[in-house]
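In case you want the letters, here they are:
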Amino acid sequence: MSVWDSIVGQRQVVEQLKTVSCGDPKSIAQSWLICGPPGSGRSNVARAFAAALESPDHGLGDEPTKVTQQVLAGTHPDVTVLATNKVTIGIDQVRDLITTSEQMPSTAPWRIIIIEDVDRMLERTTNVLLKEIEEPSEHAIWLLCAPSAQDVLPTIRSRTRIVNLAVPSNQAVAKFLEETSQVEPKIAARAARLAEGHIGIARLYACNERIMSDRDELIVGVLNLAKASDAVLLAGNLIDNAKAQAEADVEVKAAAAEADFRRINGLGPKDRIPPKLRGAYNAIAKKDELKRQATRLTRDVLDRALNSVASIYRDVAVLQNNAEDAVGLINLENRSSIAELSVRLDRAAAVRRLEDIATARRRLNGNGNPALVFEALFCALIP
């Protein structure tokens, strides 16, 4: 099984990177910027590319090598991945990566550094990274991931080879869910349609009934907005659901980290933590860090909610322009209510509501109070 088999809907990019990984090592660019909208799989592409560069069979063998298994699992000693649940990537984290990149690889041809969400770097942090991107160590390759090239400073952009990913088709995402998560075809197709090409969100919808139900309630709530009190109640429910989803996710991750710690140290689920391991154990269970992760995940859930709300007015615009046969509707289950709304709103009003959603996103990204942001948005959406 090739390392590329798990990449969804990116045939052109896969062929490009296959050619690079199988080519002359001396001609390989050492700084890359992999761009794609959220959910397009840019981090997965970076990992697959790293595995192909490090593996003796370039990731093309029928059976995965030990090297490719380690890279994809995040355990290869020469491949370092920086992923963050924080709002920004810290300058000390980048300095540590630079130190790592300057070390000779221990077992593989390259020392590869993957930075997910490089757009989360502040300018002063990016400036620390700039020199290494411009003149990387002889055996280092940098794989940076961002939503688009425009989300990265021009100084970084101009010094990297850019790879642009496409939005995977609904059919490709649905097939991926069926094959990797054993999801029923109807559920996979609906999850792919509602996720609008976002692979991770499609998996959430297909595998978590509560998350799908929360989305359904949000869509119905927006379509039924009639007065300010409706907007306030809907905003409150949304915030509560977002916090609950985030806290549940953090608890699962914390439990998994604790289980790994116990397994590595030969401890059973109910064994007491020995005094000599107490410091290391406390480090993985920091309450402040878990709280920060929950805050970040809550923002992610709310951002996903904004996409869902925007899909309503996208569908309204589709019906107003008689384009349903060409591009289809996202919220098919709510077609009758959306058709009614498309008659009540003129085209300018539909566009204005999409602008209101964009304003809410900017306010949320600027650390605006989530409850106030969504109360104001939902009031603006009342027909």
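- The chain has the name DNA polymerase III subunit delta prime subunit in an unreviewed UniProt entry, where Bifidobacterium dentium is given as its organism.

**Focus on the domain arrangement of the chain**
No. 1: Its domain assignment divides the chain into domain 1 (10-164), domain 2 (169-207) and domain 3 (228-381).
No. 2: On a C-alpha basis, the centres of domain 1 and domain 3 stand 28 Å from each other.

**Describing the packing of aromatic side chains**
No. 1: In total, this model carries two aromatic pairs according to the counting rule given.
No. 2: Between the aromatic rings of F374 and F378, the centroid separation amounts to 5.8 Å while the plane-to-plane angle is 50°, which identifies the pairing as tilted. With F374 and F378 both in helix α17 (residues 370-381), this residue pair falls four residues apart, about one helical turn.
No. 3: Here F374 falls in the buried class, since its relative accessible area comes to 0%.
No. 4: By relative accessible area, F378 is classed as buried at 0%.

**Quick look at helix α9 (residues 199-207)**
No. 1: All buried positions along α9 are accounted for by I199, I201, A202, Y205 and A206. Projection of α9 onto a plane perpendicular to its axis shows the buried side chains occupying an angular sector of 160°, all on one side.

**Focus on unusual backbone geometry**
No. 1: Unlike most non-glycine residues, H58 shows phi in positive territory, near 60°.
No. 2: Note on placement: H58 falls in the loop between α2 (42-54) and α3 (66-73).
No. 3: Unlike most non-glycine residues, N322 shows phi in positive territory, near 50°.
No. 4: Inspection of the secondary structure assignment puts N322 in the loop between α13 (287-320) and α14 (324-327).
No. 5: On the basis of relative accessible area, N322 is assigned to the exposed category, the value being 73%.

**Observations regarding the environment of C145**
No. 1: Along the chain, C145 falls in strand β4 (residues 140-146).
No. 2: We classify C145 as buried; its relative accessible area is 0%.
No. 3: Taking the C-alpha atoms as reference points, C145 and V45, separated by 100 residues in sequence, lie 9.5 Å from one another.

**What to know about the packing of helix α8 (residues 185-195) against α9**
Angle between the axes and distance between the axes: these two values describe a pair of packed helices.
No. 1: The contact between α8 and α9 brings their axes to 8 Å, and the two run at 135°. With respect to α9, the axis of α8 lies oblique. Here the hand of the crossing between α8 and α9 comes out right-handed. Facing α8, whose interface residues are I187, A191, A192, L194 and A195, α9 presents I201, A202, Y205 and A206.

**Quick word on the sheet that holds β4**
No. 1: In space, the five strands of this open sheet follow the order β2-β3-β4-β1-β5, with parallel pairing throughout. Looking at which strands have only one partner, the edges of the open sheet turn out to be β2 (79-82) and β5 (161-164). In this sheet, neighbouring strand axes are inclined to one another by 15° on average, regardless of whether the strands run parallel or antiparallel.
No. 2: For strand β3 (residues 111-115) and β4, the ladder comprises five bridges, and the chain directions are parallel. Residue pairing across strands places I112 opposite I141, the latter belonging to β4.
No. 3: On the sheet, helix α1 (residues 11-22) packs against β1 (31-35) and β5 and is oriented at approximately 145° with respect to β5.

**Considerations on the packing of α8 against helix α10 (residues 209-223)**
No. 1: Their axes nearest at 13 Å, the elements α8 and α10 cross at an angle of 55°. One element, α8, and the other, α10, form an angle in the oblique class. The chirality of how α8 crosses α10 is left-handed. Packed against α8, whose contacting residues are R190, A191 and L194, the element α10 presents M212, R215 and D216 at the interface.
No. 2: Residue classes in the contact of α8 with α10 are distributed as three nonpolar, no polar and three charged.

Calculation criteria
- Each chain carries its own residue numbering, running from 1 in the direction its sequence is written.
- Per-residue local features of the predicted model are confined to residues with pLDDT of at least 70, and side-chain atom pairs are confined, for both listing and counting, to 80 or more; whole-chain, interface and lining totals are unaffected and use all residues.
- Computation of side-chain values: all heavy atoms of the structure, hydrogens and water removed.
- Note that the domain bounds were set by an automatic or database domain assignment.
- Only Phe, Tyr and Trp rings take part, Trp by its six-membered ring, and two of them pair if their centres are within 6.5 Å. Stacked means planes under 30 degrees apart, edge-to-face means over 60, and tilted covers everything else.
- Helix and strand assignments come from DSSP, with helices taken as H or I runs of at least 4 residues and strands as E runs of at least 2, each series counted from the N terminus.
- Each residue's exposure class comes from its accessible area (1.4 Å probe, protein chains only) as a fraction of the maximum for that residue type: buried when under 20%, exposed when over 50%, partly exposed otherwise.
- In this description, one arc is meant: the one made by directions from the helix axis to the C-beta atoms.
- Structural elements are reduced to axes, namely lines fitted to C-alpha atoms, with helices fitted over the stretch in contact, and the angle between N-to-C directions of any two is expressed from 0 to 180 degrees.
- When an angle is under 35 degrees it counts as roughly parallel; over 145 it counts as roughly antiparallel; between 65 and 115 it counts as roughly perpendicular; any other value is oblique.
- Note on convention: the crossing is left-handed when the near helix lies turned anticlockwise from the far helix by less than a right angle, right-handed when the turn is clockwise.
- Only heavy atoms matter for contacts: two residues are in contact if any of them lie within 4.5 Å across the pair.
- Any two strands between which DSSP finds at least two bridges are classified as paired.
- The nonpolar class holds Ala, Val, Leu, Ile, Met, Phe, Trp, Tyr, Cys and Pro. Asp, Glu, Lys and Arg form the charged class, and all remaining residues, Gly among them, are polar.

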